[in-house]
Amino acid sequence: MSERTSVAIVGGGVAGVTAALMLGSLGVETTLIERGGTLVGGPPFCHLHAGGNLYREISDAQCVTLLRQSLEFARLYPFAVDHRPTVIAVPMEDPGRPGDLLRRLEMLRTEYARLIERDASLRQLGDPAEYFRLFEREEMERLRQREPVAGPSDAAEWMIPLARHLEFDRVQWPLILVREPGLNLFRLAAGAGLALENMPSVRLRRGRELVALERRAGGFGLKLSEGEAIEAEYLINAAGFRTGTIDDMLGIRERRMVEFK
């Protein structure tokens, strides 16, 4: 691609915004079209699924892929990361046991160490040795007596507020703290929007809906609400669950749809 290359992206969610940021950083003429008034306004999310610890039905290989993708996401959007851990508490009525997760957690800790040995920039979850920690009831009883800390510096301090409010008889022991940080959807949207607004080669079209689309010699012709017309050599369909609508406009008939979560 060159600076003369033009790309239109339909959809301003995480996928569309990421594509626009990457292309904009290369100086490619890019138009990002989002029908909503704000970017990244799709389904909410709250934390990195760095390893898929809560999903019993996925394989170890899928967990490793999810871990790597989560680390890459945190590296790309560091301003959206809330550096707080995730706590896994298994209810008493659940047929599973906390110990069932330990093999997978050990595997993910080993894989995390391997990944950051190859690429230090993926060190997004702290020291691999501290990837997870177990908390027995006796320790939580002691933590219940402590006052919360404004800026927790270790795993135990993070657990104090939970210890003060948790009904101990309703969960199985131990509890498991995992270094899976939170994600701030609003900071992601605001930070990405500011970055795109400051890229000379990127044009943002918020609050504009794609109403017509056709193939043309050398690219695509797009008609937006309010009568704006755009031409682009390449088209990225990042319309999420509306992806099929874009396909229909171009006469593309897909045999099946796959949703990436």
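Below is a summary of the structure that appears in this document. Model, not experiment: these values are computed from the prediction.

If you trace the backbone, R203 turns up in strand 8 (residues 202–206). Residue R203 is classed as partly exposed on the basis of its relative accessible area of 32%. In the structure, R203 is positioned 41 residues away from G244 in sequence and 24 Å away in space, judged by C-alpha atoms. Setting aside chain neighbours within four positions, we find R203 in contact with T30, T31, L32 and I230.

This next bit is on the packing of helix 2 (residues 60–76) against helix 3 (residues 102–118). At a closest axis distance of 10 Å, the pairing of helix 2 and helix 3 adopts a crossing angle of 45°. With respect to helix 3, the element helix 2 is oriented oblique. As helix 2 runs across helix 3, the sense of the crossing is right-handed. Facing helix 2, whose interface residues are D60, C63, V64, L67, R68 and L71, helix 3 presents R103, R104, M107, L108, E111, Y112 and L115. Along the lines of polarity and charge, the residues of the contact of helix 2 with helix 3 split into eight nonpolar, no polar and five charged.

Let's shift gears to the nonpolar core. By size, the foremost hydrophobic cluster in this structure holds 27 residues, and its most contacted members are I9, V17, L21, L32, V40, Y77 and L196. When contributions to this core are tallied by element, the ones reaching two or more residues are strand 1 (6–10), helix 1 (14–25), helix 2, helix 6 (185–197) and strand 8. Excluding anything up to four places from it in sequence, L21 contacts Y77, A192, A195, L196 and M199. Membership of the second largest hydrophobic core comes to 17 residues, among which are I58, L67, L108 and I176.

For the rest of this paragraph, the subject is helix 1. Compared with the 16 Å implied by 1.5 Å per residue over 12 residues, the 16 Å span of helix 1 between its first and last C-alpha is a close match. Along helix 1, the residues classified as buried are G16, V17, T18, A19, A20, L21, L23 and G24. On the buried face of helix 1, the contacting elements are strand 1, strand 2 (29–34), helix 2, helix 6, strand 8 and strand 12 (234–237). Looking one or two residues past helix 1, G27 carries a phi angle of roughly 80°, positive in sign.

With that settled, consider the side chain of R205. With respect to the element layout, R205 can be found in strand 8. A polar atom in the side chain of R205 sits 2.8 Å from the side chain of E228. Apart from the residues within four sequence positions on either side, R205 is in contact with T31, L32, I33, E34, L224 and E228.

A separate point is the packing of helix 1 against helix 6. Where helix 1 meets helix 6, the axes come as close as 10 Å, and the angle between the chain directions of the two elements is 30°. By the criterion of interaxial angle, the relationship of helix 1 to helix 6 is roughly parallel. The hand of the helix 1/helix 6 crossing is left-handed. Here V14, V17, A20 and L21 of helix 1 come into contact with helix 6, specifically with L188, A192, A195 and L196.

What follows concerns the sheet that holds strand 8. Overall, parallel pairing links the four strands, which are arranged 8-2-1-12 in an open sheet. The open sheet terminates on both sides in strands that have one partner only, identified here as strand 8 and strand 12. Between one strand and the next, the sheet's axes are offset by a mean angle of 15°, whatever the strand orientation. The pairing of strand 2 with strand 8 spans five bridges and is parallel. Following the sheet pairing, L32 is matched in strand 8 by L204. Sitting on the sheet, helix 1 touches strand 1, strand 2, strand 8 and strand 12, and the angle it makes with strand 2 is about 165°.

Before going further, it helps to spend a moment on unusual backbone geometry. A cis amide bond, omega 5°, links W173 with the succeeding residue P174. You can see P174 is positioned in the loop between helix 5 (155–165) and strand 6 (175–178). Even without glycine at this site, E226 takes up a positive phi of about 70°. Position of E226 relative to the elements: it lies in the loop between strand 10 (219–224) and strand 11 (229–232).

It is worth spelling out the pattern of salt bridges at this point. Overall, the coordinates contain 20 salt bridges when judged by the stated rule. The closest approach of N and O atoms between D169 and R137, which form a salt bridge, is 2.9 Å. Residue D169 is located in the loop between helix 5 and strand 6, and its partner R137 is located in helix 4 (residues 137–143); the two are separated by 32 residues in the primary sequence. Among the salt bridges present, the one from E147 reaches R164, with a minimum N-O distance of 3.8 Å. With a gap of 17 residues between them, E147 in the loop between helix 4 and helix 5 and R164 in helix 5 connect regions that are remote in the sequence. Assessed through its relative accessible area of 56%, E147 is described here as exposed.

What counts, and at which threshold
- Residues numbered from 1 in each chain as written.
- Predicted model: local features only at pLDDT ≥ 70, side-chain atom pairs only at ≥ 80, totals over all residues.
- Heavy atoms only, no water.
- Helix = DSSP H or I, 4+ residues; strand = E, 2+ residues; numbered from the N terminus.
- Buried < 20%, exposed > 50% of the residue type's maximum accessible area, 1.4 Å probe, protein only.
- Contact = heavy atoms within 4.5 Å.
- Axes fitted to C-alpha atoms, helices over the stretch in contact; angles between N-to-C directions.
- Parallel < 35°, antiparallel > 145°, perpendicular 65-115°, else oblique.
- Left-handed = near helix turned anticlockwise from the far one by under 90°.
- Nonpolar A, V, L, I, M, F, W, Y, C, P; charged D, E, K, R; others polar.
- Core = buried A, V, L, I, M, F, W, Y, C linked by side-chain atoms within 4.5 Å.
- Expected span 1.5 Å × (residues − 1).
- Polar contact = N/O pair within 3.5 Å; in protein donor to acceptor, adjacent residues only side chain to side chain.
- Pairing = 2+ DSSP bridges.
- Salt bridge = Lys/Arg side-chain N within 4 Å of Asp/Glu carboxyl O.

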